[in-house]
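Coordinate inspection notes
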Amino acid sequence: MSKIFISYRREDAQWPARSLHEALRAAATASNGDVFMDIDNIPLGVNFVDHIDGYISKCDVLLALIGPLWLSATGPDGLRRLEDPADFVRIEIATALRRNISVVPVLLDGAAMPRAGDLPVDLKELAVRNGIEVRHTTFQADVARLIHGLGMTTNKVGSGISATRTAPTPPALRPSGDKIVLAEDDDNFRELLTAILLSEGYAVEAFPDGHAALTYLQSNAASIGIFDLRMPRMDGFELLSGLRKFSSMPVIILTSQNDEVDEIVGLKIGADDYIRKPCSERLLLERVKTLLRRSRTVATAQPDGAKPIERGRLTLDPETHACTWDNKPVPLTITEFLILRALAERPGFVKSRDQLMDAAYDDLTYVDDRTIEAQIRRIRRQFRAVDAAFDAIETVSGIGYRFRL
């Protein structure tokens, strides 16, 4: 069981700090652990920095509660508190970072993750950590996720994280029936993602590298995969390429912030979507739900017993997601299938990139043009593996694409 220190700014996080402390202490008591709140009463004659250092040195995790005023709070002199080297919040977090203690940002009621440029030099590392959201309206469920992520109720088994928890699932949560395979080498982030997904009712199999995840997938079915691209032993590119040899399971790739090359390469080799790290919990869950919904939509968009779509040498079966060219199977991901179906439904008519985005990506907040271009290139490559002369998908410069009979 971890020993946890809670860092917060009173004018920004007094209520959630107290409530979070109570919830964590209850879980810690059951797990024979300890939770330290901030240091309210410092004995006279004791150096503040030394006192804080003594407490934090006993901890494994520091929770940095970040509310709407965390960055902008000012002192009596009108200057930002974070700019003051004697600011107690700055000292607490800087001490934990210096001691290589795990620091987890807890974003309160929609507060944004601080950017490196907004932080003093000794706190800049905080900007690359992955935070978890806690909201007043969903406090109990959010804290349940945090408790699982901190390892208070999660059992580690072998190379993955077991979906069996020592504490019962909260009554509001019900299994969704969907299994998610997660491959992520960062232990803290992997456990946090696992906790978030478990709390939404998903079954989760989590692995620290691509080799372990691929080995599992070769003999086990799953609804969706979430793969980090930069992992040891076998990275996300190799994992995705290996998976696509035998499965069209939807996959979300995790990329570094602004790493556009990785995103395009990932899409070229068969990813359905990407998320840039660090990401919010809400964005992650929206993308997972949307991708699962898209995969079901393919099977349910046509009425029961509807005939496959036949366009010359092409046949698409919405019920099985199967695609053939001259009766030869062409493996496609869910996203690729939806794009191709949008084109094939009206042969000869041009579909703009925006129309193809709408057909394939449903209600995702943003997908740029290069995403569609990468998917089209992969669709063509898949068909040319069956027919080297395939040219049925035509690019209409400046407009979009069309399917030719």
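Residues numbered from 1 in each chain as written. Predicted model: local features only at pLDDT ≥ 70, side-chain atom pairs only at ≥ 80, totals over all residues. Heavy atoms only, no water.

**Some remarks on the overall build of the protein chain**
In plain terms, the rule: Strands here mean DSSP runs of E at least two residues long; helices mean DSSP runs of H or I at least four residues long; both are numbered from the N terminus. Relative accessibility thresholds used throughout: buried, under 20% of the residue-type maximum; exposed, over 50%; partly exposed, between the two (1.4 Å probe, protein chains only). We call two residues in contact whenever any of their non-hydrogen atoms come within 4.5 Å of each other. With residues, only the protein chains shown are counted as cover, and all accessible areas are computed by Shrake-Rupley using a 1.4 Å probe.
Check the secondary structure of the protein chain and you find 12 helices and 19 strands. Residues classed as buried in the protein chain amount to 53% of the 405 residues present. Of the contacts made within the protein chain by residues no fewer than 6 positions apart, 67% connect residues no fewer than 24 positions apart. In the structure as shown, the protein chain presents an accessible area of about 18,300 Å², 50% of it carried by carbon and sulfur atoms.

**Brief notes about the confidence of the model for the protein chain**
Short version of the rule: Per-residue confidence from the predictor is given as pLDDT, running between 0 and 100.
Looking at the protein chain as a whole, the pLDDT averages 78, with 80% of positions reaching at least 70. Counted against residues more than four places away or in other chains, residues 40–44, with its pLDDT under 50, gives 6 contacts. Segment residues 153–175: pLDDT under 50, and 36 contacts once partners within four positions in sequence are set aside and those in other chains are kept.

**What to know about the nonpolar core**
The following threshold applies: Think of a nonpolar core as a cluster: buried Ala, Val, Leu, Ile, Met, Phe, Trp, Tyr and Cys residues, connected wherever their side-chain atoms sit within 4.5 Å.
Of all hydrophobic cores here, the largest spans 44 residues; its most connected members are Leu63, Leu65, Ile226 and Val288. Take this core: its biggest share by element is 6 residues, from helix α5 (residues 187–199). Each residue touching Val288, except ones within four places of it in the same chain, is listed here: Ile180, Leu197, Tyr202, Ile224, Ile226 and Ile252. Of all hydrophobic cores here, the second largest spans 27 residues; its members include Leu338, Ile339, Leu343 and Ala392.

**Remarks on the layout of surface pockets**
What counts here: In this analysis the probe radius is 1.4 Å and the grid spacing 1 Å, with only protein atoms considered; a cavity is a set of points the probe fits into but cannot get out of, a pocket is an open set with protein on both sides within 12 Å along at least five of seven lines, and lining residues have an atom within 4 Å of a point. Grid points are joined across faces, edges and corners, and a volume is the space filled by probe spheres set on the points.
Put simply, the second largest pocket is a space of about 340 Å³. Looking at the second largest pocket, it is lined by 18 residues, and the ones nearest its centre are Ala112, Met113, Pro278, Cys279 and Ser280.

**Focus on the pairing of strand β12 (residues 273–277)**
Basically, it comes down to this: When DSSP locates at least two bridges between a pair of strands, those strands are taken to pair.
Among the 5 residues in β12, 4 count as buried, and that is most of the element. Two elements, strand β11 (residues 251–256) and β12, share 5 bridges in a ladder whose sense is parallel. Residue pairing in the sheet places Ile252 in a bridge with Asp273 of β12.

**Brief notes about helix α7 (residues 236–243)**
Note the threshold: Nitrogen and oxygen atoms within 3.5 Å of one another constitute a polar contact, given that in protein one can donate a hydrogen and the other can accept it, and given that sequence-neighbouring residues count only through two side-chain atoms.
Of all 8 residues in α7, 6 are buried, a share of seventy percent or more. Burial in α7 covers these residues: Gly236, Phe237, Leu239, Leu240, Gly242 and Leu243. N-capping of α7 is provided by Asp235, with a side-chain oxygen placed 3.1 Å from the backbone N of Phe237.

**Section: the packing of helix α4 (residues 139–149) against α5**
Applicable threshold: Here, axes are lines fitted to C-alpha atoms. For helices the fit covers the stretch in contact, and angles between N-to-C directions go from 0 to 180 degrees. Roughly parallel covers angles under 35 degrees, roughly antiparallel covers those over 145, roughly perpendicular covers 65 to 115, and oblique covers all other angles. In a left-handed crossing the near helix is turned counterclockwise from the far helix by less than a right angle, and in a right-handed crossing that turn is clockwise. Under the scheme applied here, ten amino acids are nonpolar (Ala, Val, Leu, Ile, Met, Phe, Trp, Tyr, Cys and Pro), four are charged (Asp, Glu, Lys and Arg), and all others, including Gly, are polar.
Interaxial distance between α4 and α5 falls to 8 Å at its minimum, and their mutual angle equals 140°. Classified by the angle their axes make, α4 and α5 are oblique. Relative to α5, α4 is oriented so that their crossing is right-handed. Every residue of α5 that contacts α4 at Arg145, His148 and Gly149 is listed here: Glu191, Leu192, Ala195, Ile196 and Ser199. Grouping the constituent residues of the contact of α4 with α5 by class yields 3 nonpolar, 3 polar and 2 charged.

**A word on unusual backbone geometry**
In the Ramachandran plot, Asp109 falls in the positive-phi region, its phi being about 50° despite a non-glycine side chain. Topologically, Asp109 is positioned in the loop between β4 (102–108) and β5 (132–134). Although it is not a glycine, Asp326 sits at a positive phi angle of roughly 55°. Tracing the backbone through its elements, the reader meets Asp326 in the loop between β15 (322–325) and β16 (328–329).

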